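Summary of the model geometry
Spelled out, the chains give:
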Amino acid sequence: MGYSREDILRMIEQQDVKFIRLQFTDVFGQLKNVAATASQIDRVLANQVMIDGSSIGGFARVNESDQYLYPDLDSFTIYPWRPARGKVARFLCDVHNPDGSPYAGDSRRVLRRVVEQAAALGYTMNIGPECEFFLFQTDDRGMPSLSPSDQAGYFDLSPLDQGESTRREVSLSLEEMGFTVETSHHEMAPGQHEIDFRYEPALQAADDLVTFKLAVKTIAQRNGLHATFMPKPVDGICGSGMHINMSLFHNGKNLFCDPDGPHGLSKEALSFIAGLMEHAPGMTAITNPLVNSYKRLIPGYSAPCHVAWSASNRSALIRIPAASGEATRVELRSPDPSCNPYLAFAVCMAAGLDGIRRGLVPPAEVTENLYHMPQSQLTARGIRSLPTSLFEALEALRGDQLVLDTLGPHIAAAYISGKEAEWAEYRAQVSQWEREHYLLRY
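Residues numbered from 1 in each chain as written. Predicted model: local features only at pLDDT ≥ 70, side-chain atom pairs only at ≥ 80, totals over all residues. Heavy atoms only, no water.

**Description of the overall build of the protein chain**
Put simply, the rule is: Put simply, DSSP marks the helices as runs of H or I at least four residues long and the strands as runs of E at least two long, and each gets a number from the N terminus on. Between the two quantities, the radius of gyration covers C-alpha atoms and the globule rule is 2.2 Å times the number of residues to the power 0.38. The buried label applies to any residue whose accessible area, calculated with a 1.4 Å probe on protein chains only, is under 20% of its type's maximum; exposed applies above 50%, and partly exposed to all values in between. Whether two residues touch is decided by their heavy atoms; if any such pair falls within 4.5 Å, the residues are in contact. Using the Shrake-Rupley algorithm and a 1.4 Å probe, accessible areas are obtained, with residue cover drawn only from the displayed protein chains. Lys and Arg are tallied as positive, Asp and Glu as negative. Neither His nor the chain termini are counted. By convention, the charge on Lys lies at NZ, on Arg at CZ, on Asp at CG and on Glu at CD.
The helix and strand inventory of the protein chain stands at 12 helices and 17 strands. Since a compact globule built from 442 residues should have a radius of gyration of about 22 Å, the 22 Å found for the protein chain is in line with a globular shape. Expressed along its principal axes, the backbone C-alpha trace of the protein chain runs to roughly 65 × 60 × 50 Å. When burial is assessed residue by residue, the protein chain has 53% of its 442 residues classed as buried. Sequence-distant contacts, at least 24 apart, represent 70% of the contacts inside the protein chain between residues at least 6 apart. Carbon together with sulfur atoms contributes 51% to the accessible area of the protein chain, which is approximately 19800 Å² in total. Looking at the protein chain, you have 40 positive and 53 negative side-chain charges, and the mean spots of the two groups are 2 Å apart.

Following this line, the structure appears as structure tokens:
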């Protein structure tokens, strides 16, 4: 878009904007916010709005807490779900130190750094996430229940799909904000939905995703529902994933496309796949960041469990969609929507580019159903499993220097520390399952 300062001032005046939200994400992907009135726009545009970084997860220590928000002018947008008069606009912001240098704990900066590294090699990465979520009913206090908003299934429509109106409202709001919404539909589980929007360059795609999640939650709440991006809120049914579709461009051409290559894939595409496969265990703590994430990554629920690739096999970690030519892309199927998209996209890009840099070659594709393959056969074919718990994923992360380097020492240390604390707290809990199985028996 290329907004200038004058463009911003004009839009604020013409659109009767009264409040401006300055948004940024913490290390764990939670969207944070400072609001200013429109009268403070000069301070906002002069990068003079300060936050206390010591109060933000994974940010600064108490003795170095002052941080400043630098708004990205191109991210300026007006929220269509707010009042028609006295409108609310937002900027997505980068976080800087008092001396003006980029803050090492800013996850948006992590992705920007990888994008810049790719650009230095002549590459542009386009990313299209497929983000699933659940809509649950709320109780008389407005708190979420585990009762889904409907009992529909895959691709069902109204009247079975009672979340259709909320999906439609989200889609129209996103389009007002400049998104290109391609499809929306009901997913497999009751109350589960998906809205897909057009791929964008990596940083824009991550910005779009945090905006998308806010829009879904806000509009669902307005409609008396609770939207959640928790990976596995209900046992016995499919969880919510966030497949990441990636394509690499060089001089305006899709570098992954080669009509004469296997499945129309170029040598670079195969090396990119090999890089993803090599670093998949080390990336998993980033792409699947919650204790709950690993309740989704089990056989039989449409989520991958093993490090393999295929042109059509949906039980594999990496799939090559049927689209060809300039639409050729690589789909990573393990991530879930609870991840920090800036970190997740950054490590995916870094892993794939590492495969290209080193000229890695992936193993043969796996066409069989991996869910039904016995462990002896998996072992014989050298097919590794993804981590099965957050603990295992953190161990793999510690052992992957490329992923650690991509995150940078500040974020790597803060992220691992925070997730270790989450795992320790989880381990100390006594679950209802344990009570039901052990209380009487023992």
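**So, the pattern of salt bridges**
What counts, and what does not: Counted as salt bridges are all cases of a side-chain nitrogen of Lys or Arg within 4 Å of a carboxyl oxygen of Asp or Glu.
Counted according to the given criterion, the structure contains 19 salt bridges. Residues Arg-108 and Asp-207 are paired through a salt bridge, measuring 2.7 Å at the closest nitrogen-oxygen approach. Remark: Asp-207 occurs in helix α5 (residues 202-222) and Arg-108 occurs in helix α3 (residues 107-120); sequence separation between them is 99 residues. Neither residue differs from the other here; Arg-108 and Asp-207 are each classed as buried.

**Observations regarding the pairing of strand β2 (residues 31-37)**
Rule in force here: For two strands to be treated as a pair, DSSP must find no fewer than two bridges joining them.
Judged from the seven bridges that link them, strand β1 (residues 17-25) and β2 form a sheet pairing that is antiparallel. The partner of Phe-24 across the bridge, within β2, is Lys-32. Linking β1 to β2, which pair antiparallel, is a turn of five residues; within it Gly-29 sits at a positive phi near 90°.

**Observations regarding empty space enclosed by the protein**
Our working definition: A cavity, in this analysis, means grid points on a 1 Å lattice covering only the protein atoms where a 1.4 Å probe fits yet has no way out; a pocket is instead an open set bounded by protein on both sides within 12 Å along at least five of seven lines, and a residue lines either one if it has an atom within 4 Å of a point. Grid points are joined across faces, edges and corners, and a volume is the space filled by probe spheres set on the points. Under this grouping Gly is polar, as are all residues other than the nonpolar Ala, Val, Leu, Ile, Met, Phe, Trp, Tyr, Cys and Pro and the charged Asp, Glu, Lys and Arg.
In the structure shown here, the tally under the stated rule is three cavities of 30 Å³ or more. The computed volume of the largest cavity comes to approximately 60 Å³. Every residue lining the largest cavity is listed: Gln-23, Phe-24, Thr-25, Leu-31, Leu-92, Cys-93, Asp-106, Arg-108, Val-210 and Tyr-342. Of all elements in the fold, only β1 and β6 (87-96) reach the threshold of two or more residues within the lining of the largest cavity. Ranked by residue count, the leading element in the lining of the largest cavity is β1, at three residues. Here the residues of the lining of the largest cavity sort into six nonpolar, two polar and two charged. As a volume, the second largest cavity reaches approximately 40 Å³. Lining the second largest cavity, in full, are Ala-280, Met-283, Thr-284, Thr-287, Leu-317, Leu-332, Ser-334 and Leu-386. At four residues, the largest contribution of residues to the lining of the second largest cavity is made by helix α6 (residues 267-287).

These values are about where atoms sit, not about what they do.
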